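Given next are the chains, with one letter for each unit.
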Amino acid sequence: MMFARIKPFVVYAVLSFLVLSGFYIRINNYRKSTTRTIDELVFYHLGAQLKNHFPEYHARGFSSLLLEIHPEFAPLPEYLTQPLFKHPPLFSGLISLALRLFGEHYYSAMYVSAFFGVMMIFLVYWIGTLSFDETTGLAAAFLVWLDPVNIISGQKIWMDTTASFFILLAVLFLIRGVKYGAILDYAGFGFASGCAFLTKYTGLLTLLGAGLYFVFFQRKILRRRVALLCFGLPALMAVPWLIWNYQIYGHAFFPRILALHNLATITTRSILTGFFVLGGLLVLFYGGRMKFEKIPQIRLGARLEGYQTIQWGLLGLLAALFLSRYIDIVSPLHLPETYWQAGRFSGEPWFFYFKRLPEFSLFYLVSYAAFFFDFGQKHRHGAIILKIFSGIILIFFSLWKNYQARYILAATPLLLTLSAALWIHRLQQLMNLRDETKRTQRLILAGLVSGYVLIKTFYVNFMVSFPNDMCYF
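Attention here is on the structure that accompanies the text. (Residues numbered from 1 in each chain as written. Predicted model: local features only at pLDDT ≥ 70, side-chain atom pairs only at ≥ 80, totals over all residues. Heavy atoms only, no water.)

### What about the environment of Ser-331?
Part 1 of the argument: You can see Ser-331 is positioned in the loop between helix H14 (305-325) and helix H15 (352-360).
Part 2 of the argument: On the accessibility criterion, Ser-331 (27% relative accessible area) is partly exposed.
Part 3 of the argument: Distance in space between the C-alpha atoms of Ser-331 and Lys-456 is 8.7 Å, their sequence separation being 125 residues.
Part 4 of the argument: Apart from residues no more than four positions distant in its own chain, Ser-331 is found in contact with Tyr-452 and Lys-456. (Helix = DSSP H or I, 4+ residues; strand = E, 2+ residues; numbered from the N terminus. Buried < 20%, exposed > 50% of the residue type's maximum accessible area, 1.4 Å probe, protein only. Contact = heavy atoms within 4.5 Å.)

Structure, rendered in structure tokens:
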């Protein structure tokens with residue numbers, strides 16, 4: 001038994017409601033909050049400066065003013081006193097455009113973050129539909145609409161929703177390119193990757209993800225000209241920014257960029273990050289080249305119920321091990337901690353993000369489980385791309401250690417898509433059970449679990465997200 005196809009006008013009516021209501025929620029939460037983070041003040045200033053004094057792109061004058069108004073902010077980060085701001089200028093340029101359209105006030109700047117945050121709802125619908133089916137796409141869109149991490153990030157004047165939007169757009173074009181083989185889709189991937197880079201340097205992770213996928217699953221693409229679009233177009237788009245840096249810093253511009261991002265010296269952390277990200281991912285995804293039909297016990301679609309029992313038994317064991325240490329996460333009243341003080345998460349272990357995300361929504365536990373399942377040959381490539389890109393982001397920022405949940409925002413829609421795919425696939429299996437009693441009992445149980453997780457996520461939003469009273473979360 002499969003879910004019936006939904007009429008297109010109903011689909012887009014639902015998506016439009018999610019987008020519009022999500023935008024209203026973020027704007028309303030922002031208006032109710034009175035305290036702003038330093039990043040929000042800085043990005044508003046940069047946008048206003050680009051609007052009024054283009055092409056000045058620095059915060060030197062503003063940093064002096066900021067210390068006069070808020071002496072408690074001292075000492076300010078070094079990058080605020082440099083002749084060129086450390087991040088590429090696309091986000092600040094979009095703020096400048098918003099200030100021209102809506103006037104010079106903070107609400108105008110906030111529209112940029114809110115807009116790109118809610119537009120990910122549309123993107124994840126298309127990603128879920130292309131990778132799996134329309135039902136999964138709709139379910140994933142709803143989970144992104146509900147996601148506290150997306151809501152919090154989208155109601156601050158932060159660049160993370162913009163960078164994540166373009167990373168997600170790159171994933172969408174990559175999936176389309178693999179599925180349909182159209183050259184415009186690969187060009188779209190290159191353009192979106194370039195925009196992600198011009199928003200934040202970590203947008204380059206899209207190229208690493210695509211490279212890994214091509215090497216292990218679509219090597220023939222590397223021998224085609226479309227590979228130049230995928231990797232050459234972002235490089236071409238980066239040239240103006242690199243020239244700008246060269247004009248300011250001269251031959252020392254590259255070491256200067258590394259210094260501003262705390263990478264001036266080769267540290268143990270830098271070496272470990274490089275080796276673990278590249279080496280670990282190579283080993284991890286090399287296993288994906290195996291033909292899963294030879295090991296049916298790990299196939300989600302295996303027909304033998306004994307194999308399904310093994311799957312869910314292993315999943316239950318993993319969940320039990322996780323919850324035995326972090327049982328408070330599933331408590332109905334448990335709330336994730338948030339802070340204004342910098343460095344409150346600096347002492348956390350390397351698996352901080354893996355533990356942190358389920359505190360905001362238990363649907364992330366389901367997405368972790370999805371990494372252990374093969375979704376069948378029909379959905380193989382879409383699922384693999386989602387796993388590669390979300391895995392790269394999680395691993396990279398886990399090893400980077402400067403823990404902030406907004407840094408991994410780009411991974412969250414991909415994880416929630418995997419969560420929706422696994423949950424819906426399981427529901428379809430339950431509805432196909434021949435034993436009516438078992439089918440009814442298990443569907444009721446699945447409904448109760450789903451209801452609990454939804455209610456708990458709403459509770460986190462009302463208590464943590466909507467007040468918008470935090471910087472580090």
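After that view, the rundown keeps rolling.
### Let's talk about the side chain of Lys-156
Part 1 of the argument: Along the chain, Lys-156 turns up in the loop between helix H7 (148-154) and helix H8 (160-180).
Part 2 of the argument: Put simply, Lys-156 is tucked away with no salt bridge, and the nearest opposite charge, on Glu-40, sits 4.3 Å away. (Lys, Arg positive; Asp, Glu negative; His and termini not counted. Salt bridge = Lys/Arg side-chain N within 4 Å of Asp/Glu carboxyl O.)

### Considerations on the packing of aromatic side chains
Part 1 of the argument: Scanning all chains against the criterion turns up 38 aromatic pairs.
Part 2 of the argument: Here Tyr-30 and Tyr-107 contribute two aromatic rings whose centre-to-centre distance is 5.8 Å and whose plane-to-plane angle is 80 degrees, an arrangement assigned as edge-to-face. Highlighted residues: Tyr-30 in helix H1 (residues 8-32) and Tyr-107 in helix H5 (residues 106-131), separated in sequence by 77 residues.
Part 3 of the argument: We classify Tyr-107 as partly exposed; its relative accessible area is 29%.
Part 4 of the argument: Where Tyr-57 meets Phe-85, the ring centres are 5.8 Å apart and the plane angle is 80 degrees; that geometry is what we call edge-to-face. On the criterion of sequence distance, the pair formed by Tyr-57 in the loop between helix H2 (38-52) and helix H3 (60-69) and Phe-85 in the loop between H3 and helix H4 (90-102) is long-range, its members being 28 residues apart. (Phe/Tyr/Trp six-rings, centres within 6.5 Å; stacked < 30°, edge-to-face > 60°.)

### Focus on the pattern of salt bridges
Part 1 of the argument: Per the stated rule, a full pass over the model turns up seven salt bridges.
Part 2 of the argument: When salt bridges with common partners are traced through the structure, they connect Asp-39, Asp-160, Lys-200 and Arg-406 into a single cluster.

### Quick notes on H2
Part 1 of the argument: The terminal C-alpha atoms of H2 lie 21 Å apart, and with 15 residues this matches the ideal 21 Å at 1.5 Å per residue to within 8%.
Part 2 of the argument: Burial analysis of H2 places 11 of its 15 residues in the buried class, which makes it a mostly covered element. (Expected span 1.5 Å × (residues − 1).)

### Details of the environment of Leu-357
Part 1 of the argument: Position of Leu-357 relative to the elements: it lies in helix H15.
Part 2 of the argument: On the basis of relative accessible area, Leu-357 is assigned to the buried category, the value being 1%.
Part 3 of the argument: Remark: the alpha-carbon pair of Leu-357 and Pro-148, spanning 209 residues in sequence, is separated by 9.5 Å.
Part 4 of the argument: Excluding its chain neighbours within four sequence positions, the residues that come into contact with Leu-357 are Val-149, Tyr-364, Tyr-368, Leu-394, Ile-408, Thr-412 and Leu-415.

### With respect to the nonpolar core
Part 1 of the argument: Counting residues in hydrophobic clusters, the biggest one holds 145 residues, and the most contacted among them are Ile-121 and Phe-389.
Part 2 of the argument: No other element matches H5, which puts 15 residues into this core.
Part 3 of the argument: If near-sequence neighbours (up to four positions away) are discounted, Ile-121 is found in contact with Leu-15, Leu-18, Val-19, Ala-141, Val-144 and Trp-145. (Core = buried A, V, L, I, M, F, W, Y, C linked by side-chain atoms within 4.5 Å.)

### What about the environment of Tyr-459?
Part 1 of the argument: Relative to the elements of secondary structure, Tyr-459 occurs in helix H19 (residues 436-465).
Part 2 of the argument: It is 9.5 Å that separates the C-alpha atoms of Tyr-459 and His-334, two residues lying 125 residues apart in sequence.

### Details of H19
Think of an α-helix as turning once every 3.6 residues; residues three or four places apart then point the same way.
Part 1 of the argument: If you check H19, its first and last C-alpha atoms are 41 Å apart, about what 30 residues at 1.5 Å a residue would give, namely 44 Å.
Part 2 of the argument: Turning to H19, its buried residues number three or more, namely Ala-446, Ser-450, Val-453, Lys-456, Thr-457, Val-460, Asn-461, Val-464 and Ser-465.
Part 3 of the argument: Among the structural elements, H1, helix H6 (134-146), H7, H15, helix H16 (363-370) and helix H18 (411-431) are those in contact with the buried residues of H19.
Part 4 of the argument: Structurally, the start of H19 carries an N-cap: the backbone nitrogen of Thr-437 is 3.0 Å from a side-chain oxygen of Asp-435. (Polar contact = N/O pair within 3.5 Å; in protein donor to acceptor, adjacent residues only side chain to side chain.)

### Some thoughts on the packing of helix H9 (residues 183-199) against helix H10 (residues 205-217)
Relative orientation and spacing of two packed helices are given, respectively, by the angle between their axes and the distance between those axes.
Part 1 of the argument: Look at H9 against H10: their axes get within 10 Å of each other, and the N-to-C directions meet at 145 degrees. On H10, the residues that touch Tyr-186, Phe-189 and Ser-193 of H9 are Thr-206, Leu-207, Ala-210 and Phe-214.
Part 2 of the argument: Residues of the contact of H9 with H10, tallied by class, amount to five nonpolar, two polar and no charged. (Axes fitted to C-alpha atoms, helices over the stretch in contact; angles between N-to-C directions. Nonpolar A, V, L, I, M, F, W, Y, C, P; charged D, E, K, R; others polar.)

### Considering a nonpolar patch on the surface
Part 1 of the argument: The grouping of Phe-9, Val-10 and Val-14 at the surface amounts to a nonpolar patch, some 270 Å² of accessible area in total.
Part 2 of the argument: Structurally, the position occupied by Val-14 is in helix H1.
Part 3 of the argument: Owing to a relative accessible area of 37%, Val-14 belongs among the partly exposed residues under this scheme. (Patch = residues over 30% accessible without salt bridge, like charges linked within 9 Å, V, L, I, M, F, W, Y side chains within 5 Å. Areas by Shrake-Rupley, 256 points an atom, 1.4 Å probe, with all protein chains shown as cover.)

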